[in-house]
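Per-entry structural report
Residues per chain are reported as follows:
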Amino acid sequence: MLDLDKLTPAQYRERYEALQEAARARAASTKPEATFADIKPEDIFLEDAIPPGWYVNLRLQRGAALRIANPSGTPGAAFFMWNAADMSERFNAGDTTKLQWTTNLTTGRVLFSDMGRVLASIVVDTGAGHDSIIGPNGPAQTQTRNGRDNLRSGAAKFGLSRRDVAPALSLFSPVGVDGQGVMRWRGNPPPGAMVELRAEMDLLIVLSNTPHALSPVQQATGPISYIAWHAPTASANDLCRHFTEEAARGFINNDRYFAK
């Protein structure tokens, strides 16, 4: 086993770049298709739409699927989640990006907790772009209902406080970096953009129909709809379990957690 304590700074850098290159090569060699399967009506247990500026609290059991759709191309939706069995374990945006060597969270990627486990998998995605760095809007961007306050209000309904809400995931938020290294809004997502998640633990979720902080339009322009259903059990060779080595280790941590 490699003894990290004995590596020189140059060796650390070399190892870091090798791991990064390997992750990029795996991602480049795997191009998953964005195919949304038909949902049987009898499997659906939640279905609704969130009006502009509002939010919803959701509870998903392990193995359930959640399809979130943006029919009108509204500029973003704020998303946060916790382990329902232990709410001290929550979504970690930094680890989700860092461990998978990418900000491109799309089909095949997973959403990590702050304990190194996988909270949810991105089963399929239309590729509209989801931001894990800047996050939803707040009072500084608008005097109306905003993503940060909505997430805190949603957390309160689960008996949590604002300190339990860490940096969130902004769905349908196409952002990029310009030549000066500044993050910029790249335009609203296309109407009809969708993303489908699978719960890898029992989850508590807050989903807010509010814009991204960088959007030039700071009011949602249409509804965000969602469907939750009892999905088929994922196979042992499921893409999300093996798309990256880091995801595979996360699922090993999940297996150990549920084996207790």
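Once a new chain begins, its residue numbering starts again from 1 and follows that chain's sequence as written. pLDDT decides what is reported in this predicted model: residues at 70 or higher carry local features, side-chain atom pairs at 80 or more are listed and counted, and totals for whole chains, interfaces and linings draw on all residues regardless. By convention in this description, side-chain values take in all heavy atoms of the structure and omit both hydrogens and water.

Observations concerning the pairing of strand β12 (residues 224-230)
Regular strands show a simple pattern: their side chains alternate between the two faces of the sheet. Taking burial as the measure, the 7 residues of β12 include 5 buried ones, the bulk of the element. Two strands pair if DSSP finds at least two bridges between them. Numbering of helices and strands starts at the N terminus; helices are DSSP runs of H or I of at least 4 residues and strands are runs of E of at least 2. Relative to β12, strand β1 (residues 44-50) runs antiparallel, the two sharing 6 bridges. Paired with Ala49 across the bridge in β12 is Ser225. Where strand β3 (residues 64-70) meets β12, 6 bridges bridge the pair, whose relative direction is antiparallel. Residue pairing across strands places Ala65 opposite Trp229, the latter belonging to β12. When a residue's accessible area, from a 1.4 Å probe over protein chains only, is under 20% of the maximum for its type it is buried; when over 50% it is exposed; and in between it is partly exposed.

Some thoughts on the packing of aromatic side chains
Any pair of Phe, Tyr and Trp rings, taking the six-membered ring for Trp, is counted once the centres come within 6.5 Å. Such a pair is stacked with planes under 30 degrees apart, edge-to-face with planes over 60 apart, and tilted for the rest. Counted under the stated rule, the structure contains 5 aromatic pairs. Residues Phe80 and Trp82 carry aromatic rings whose centres are separated by 4.9 Å and whose planes lie at 70° to one another, so their mutual orientation is edge-to-face. We note that Phe80, like Trp82, is buried. For the ring pair Phe80 and Phe91, a centre distance of 6.0 Å and an interplane angle of 80° mean the geometry is edge-to-face. Of this pair, Phe80 sits in strand β4 (residues 77-83) while Phe91 is found in the loop between β4 and α2 (93-99), placing the two residues 11 residues apart along the sequence. Given a relative accessible area of 0%, Phe80 falls into the buried group. Taken together, the ring pairs connect Phe80, Trp82, Phe91 and Phe158 into an aromatic cluster. Across the ring face of Phe258, the terminal group of Arg62 is positioned such that the distance to the ring centre comes to 3.6 Å. Placement of a charge over a ring requires the Lys NZ or Arg CZ to be within 6 Å of the ring centre, with the centre-to-atom vector within 35 degrees of the ring normal. Taking NZ or CZ as reference, Arg145 lies 3.7 Å from the ring centre of Trp54, over its face.

Details of the nonpolar core
In terms of nonpolar packing, the biggest core is built from 45 residues, with Phe79 and Leu111 touching the most fellow members. Broken down by element, this core gets its largest block of residues, 6 residues, from β4. In this view, Leu111 contacts Phe79, Met81, Phe91, Thr96, Leu105, Arg117, Val118, Leu119, Ala120, Ile122, Leu169 and Leu197; residues no more than four positions away in its chain are not counted. Throughout this description, the term nonpolar core refers to a set of buried Ala, Val, Leu, Ile, Met, Phe, Trp, Tyr and Cys residues connected via side-chain atoms within 4.5 Å. Listed in part, the 6 residues of the second largest apolar core include Val110, Phe112, Val118 and Cys240. Contacts were defined at the residue level, with two residues in contact if any of their heavy atoms lie within 4.5 Å.

Quick look at the sheet that holds β1
With respect to topology, 6 strands assemble into an open sheet ordered β1-β12-β3-β10-β6-β5, the strand pairing being antiparallel. Each of the sheet's edge strands pairs with one partner strand only, and the pair in question is β1 and β5 (110-112). Averaged over all pairs of adjacent strands, the angle between strand axes in this sheet comes to 20°, irrespective of strand direction. Pairing analysis gives 3 bridges linking β5 to strand β6 (residues 118-125), with the strands arranged antiparallel. Residue pairing across strands places Phe112 opposite Val118, the latter belonging to β6. Note on geometry: axes are lines fitted to C-alpha atoms, helical ones only across the stretch in contact, with angles between N-to-C directions running from 0 to 180 degrees.

Notes on the sheet that holds strand β7 (residues 169-171)
The strands making up a sheet are joined through hydrogen bonds of the backbone, oriented either antiparallel or parallel. Across the sheet, which stays open at both edges, the 4 strands sit in the order β2-β11-β4-β7 with antiparallel pairing between neighbours. Edge strands, defined here as strands with exactly one partner in the open sheet, are β2 (55-60) and β7. Strand-to-strand twist across the sheet, computed as the mean angle between neighbouring axes with direction ignored, equals 25°. By the bridge criterion, 6 bridges tie β2 to strand β11 (residues 203-208) in an arrangement that is antiparallel. For Tyr55, the partnering residue across the bridge sits in β11 and is Ser208.

Notes on the pattern of salt bridges
By definition, a salt bridge exists where a carboxyl oxygen of Asp or Glu is found within 4 Å of a side-chain nitrogen of Lys or Arg. Applying the stated criterion across every chain yields a total of 11 salt bridges. A salt bridge links Glu89 to Arg117; the shortest N-O distance between them is 3.0 Å. Taken together, the residues span a long stretch of sequence, with Glu89 in the loop between β4 and α2 and Arg117 in the loop between β5 and β6 at a distance of 28 residues. The pair Glu89 / Arg117 is uniform in exposure class, with both members buried. The closest approach of N and O atoms between Asp149 and Arg152, which form a salt bridge, is 3.7 Å. Of this pair, Asp149 and Arg152 both sit in helix α3 (residues 147-157), 3 residues apart, which is roughly one turn of that helix. For Asp149, a relative accessible area of 31% gives the class partly exposed. Exposure remark for Arg152: the relative accessible area of 31% places this residue in the partly exposed category. One salt-bridge network, held together by shared partners, links Arg198, Glu200 and Asp238.

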